[in-house]
Amino acid sequence: MKVAVFSSKSYDREYLNRFNNERHELVFFDAALNSHTTSLSLGYEAVCVFVNDKLDPETIKQLQENGVRLIALRCAGFNNVDLPSAEDKGIKVVRVPAYSPHAVAEHAVALILSLSRKIHKAYNRIREGNFSLEKLVGFNLFGKTVGVVGTGQIGAIFCEIMLGFGCRVLAYDPRESDALKQKGVEYCTFDELVRQADIISLNCPLTPETYHLLDKNVFDRIKKGTMIINTGRGAVIKTSDAIDALRSGKLGYLGIDVYEQEENLFFRDLSESIIPDEQILQLITFPNVLITSHQGFFTHEALEEIAATTIKNLSDFEEGRTLENEVRIKKS
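These numbers come from a predicted model, not from an experiment.

Calculation rules
Residues numbered from 1 in each chain as written. Predicted model: local features only at pLDDT ≥ 70, side-chain atom pairs only at ≥ 80, totals over all residues. Heavy atoms only, no water. Phe/Tyr/Trp six-rings, centres within 6.5 Å; stacked < 30°, edge-to-face > 60°. Helix = DSSP H or I, 4+ residues; strand = E, 2+ residues; numbered from the N terminus. Buried < 20%, exposed > 50% of the residue type's maximum accessible area, 1.4 Å probe, protein only. Salt bridge = Lys/Arg side-chain N within 4 Å of Asp/Glu carboxyl O. Core = buried A, V, L, I, M, F, W, Y, C linked by side-chain atoms within 4.5 Å. Contact = heavy atoms within 4.5 Å. 1 Å grid on protein atoms, 1.4 Å probe; cavity = no way out; pocket = protein on both sides within 12 Å on 5 of 7 lines; lining within 4 Å. Points joined across faces, edges and corners; volume = space filled by probe spheres on them. Nonpolar A, V, L, I, M, F, W, Y, C, P; charged D, E, K, R; others polar. Polar contact = N/O pair within 3.5 Å; in protein donor to acceptor, adjacent residues only side chain to side chain. Pairing = 2+ DSSP bridges. Axes fitted to C-alpha atoms, helices over the stretch in contact; angles between N-to-C directions.

Take the packing of aromatic side chains next. Across all of its chains, the model carries 8 aromatic pairs by this definition. Measuring from ring centre to ring centre gives 5.5 Å for Phe6 and Phe29, while their planes differ by 25°; the resulting arrangement is stacked. Residue Phe6 is found in the loop between strand 1 (2-5) and helix 1 (10-20), and its partner Phe29 is found in the loop between strand 2 (25-28) and strand 3 (46-49); the two are separated by 23 residues along the sequence. Each of the two residues, Phe6 as well as Phe29, counts as buried. On the basis of an interplanar angle of 80° and a centroid distance of 6.2 Å, the ring pair of Phe29 and Tyr44 is categorised as edge-to-face.

So, in structure tokens, the structure goes:
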């Protein structure tokens, strides 16, 4: 099957080609897929896309007109795809539901430890020959209350890691896990979690219910000095309100691997450019903010799983097998 791979990087080419083994004709494009780049899909049966490709109704309409029959996401999230439009146009959508939940959970912990022990600041100091410990006082994780929003595969692993640090773990999720409860995780309301937690980790997808879940109303209710970590989706946090909370000192630390407007920034080298995003520039100036550019998934193990599952999804579609990883609209 002929597949157009959008938003491709060197690692996409390496891993997809390795697991493809010439089963499909993969053509890689640096460009992101959106309504302005759909002409590149002409003559392809499938498109393979990532988190910042925009598959809105107009894009999907043009894909269907170009002969595309399958959208293969090489990620778990699918909030960037208009599913009703895809269904209406007869285009199937598949994804990689779980590539390496440990990778993202461990990255969340890395952000916590870097901020709590000021590793990022110490690293820069040492490179400049400054071995002073002044203003590098951190805090122990042991005994802290950690709030986890979303206890799916990633959130569940994160809970277990934080229990291992000796933390009290509170969790909020519409679907409670009996297995996590048995391990010591305490489920509570979102409001109780927000008010009690010293550290809040966001491990939930972006849905209408979670859009700007953390806004001024929530920041007003958190404990002074709370740390917030987001490895889920950027728009779960209202960035402008987070900046205000940082300025006031209510929000003590912010670690994000995702950002509301990341599609214009992440996965690109902008070191020689003037960045037009005022909010990201403001965030960078805070010493208690740590930003990584959506690299939580970025491990060898995860890239192998993404590539293997993506190729399987393509082969299942081509050979008429059941699409195990198909994304369907939930029927009420």
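Next, the rest of the story.
Per the stated rule, a full pass over the model turns up 20 salt bridges. Between Asp220 and Lys216 there is a salt bridge, with the nearest N and O atoms lying 2.8 Å from each other. Separated by 4 residues within a single helix, Asp220 and Lys216 lie in helix 9 (residues 216-221), roughly one turn from each other. For Asp220, a relative accessible area of 46% gives the class partly exposed. Put simply, Asp244 and Arg247 hold a salt bridge, and the shortest N to O gap is 3.7 Å. In this pair, Asp244 and Arg247 are both assigned in helix 10 (residues 239-248), 3 residues apart and thus about one turn of the helix distant. Relative accessible area serves as the criterion here: at 43%, Asp244 is assigned to the partly exposed category. Each of Lys312, Asp316, Glu319, Arg321 and Glu324 takes part in salt bridges that share partners, so that together they form one network.

Grouped together as the largest cluster of nonpolar side chains are 44 residues, with contacts concentrated most on Val47, Ile71 and Leu314. By residue number, the principal contributor to this core is helix 12 (residues 300-318), which donates 6 residues. Once residues lying within four places of it in the same chain are set aside, the contact partners of Leu314 are Met1, Val3, His24, Leu26, Ala46, Leu70 and Ala72. Counting residues in each nonpolar core, the second largest holds 32 residues, with Val149, Val236, Leu254 and Ile280 among its members.

With that out of the way, let us pick up the layout of surface pockets. The computed volume of the largest pocket comes to approximately 1,800 Å³. Along its surface, the largest pocket is lined by 49 residues, and Phe78, Cys204, Pro205, Leu206 and Thr207 are the ones closest to its centre. Counting only elements with at least two residues in the lining of the largest pocket, the list comes to helix 3 (83-88), helix 4 (101-116) and helix 6 (153-164). Here the element with the most residues in the lining of the largest pocket is helix 6; it accounts for 3 residues. Taken together, the residues that form the lining of the largest pocket break down as 23 nonpolar, 15 polar and 11 charged.

What follows concerns empty space enclosed by the protein. A complete count under the given rule lists 2 cavities of 30 Å³ or more for this structure. Lining the largest cavity we find Tyr11, Asp12, Tyr15, Leu16, Phe50, Arg74, Phe297, Leu303, Ile306 and Ala307. At the level of secondary structure, the elements contributing two or more residues to the lining of the largest cavity comprise helix 1 and helix 12. At 4 residues, the largest contribution of residues to the lining of the largest cavity is made by helix 1. Partitioning the lining of the largest cavity into residue classes produces 8 nonpolar, no polar and 2 charged. Space inside the second largest cavity adds up to approximately 70 Å³. Lining the second largest cavity are Gly234, Ile237, Thr239, Ala242, Leu254, Ile256, Val258, Tyr259 and Leu283. Secondary structure elements with two or more residues in the lining of the second largest cavity: helix 10 and strand 11 (251-256). By residue class, the composition of the lining of the second largest cavity is 7 nonpolar, 2 polar and no charged.

Turning next to unusual backbone geometry. One non-glycine residue, Lys118, lies in the positive phi region at around 55°. Among the structural elements, Lys118 can be located in the loop between helix 4 and helix 5 (119-127).

On to the side chain of Thr309. Positionally, Thr309 belongs in helix 12. On the basis of relative accessibility, which here comes to 10%, the residue Thr309 falls in the buried class. In this structure the side chain of Thr309 is engaged in a polar contact, spanning 2.9 Å, whose partner is the backbone oxygen of Glu305. Beyond its immediate chain neighbours, meaning those up to four positions away, Thr309 contacts Arg95, Val96 and Asn325.

Moving on, we come to the sheet that holds strand 7 (residues 168-172). As summarised here, the arrangement of the 7 strands in space is 8-7-6-9-10-11-12, forming an open sheet in which the pairing is parallel. A single partner strand is all that each edge strand has here, and the edge strands are strand 8 (186-187) and strand 12 (289-291). Relative to strand 9 (residues 199-202), strand 6 (residues 145-149) is paired through 4 bridges, and the arrangement is parallel. Bridge pairing links Val148 to Ser201 in strand 9. Along the sheet, helix 6 makes contact with strand 6, strand 7 and strand 9, crossing strand 6 at roughly 175°.

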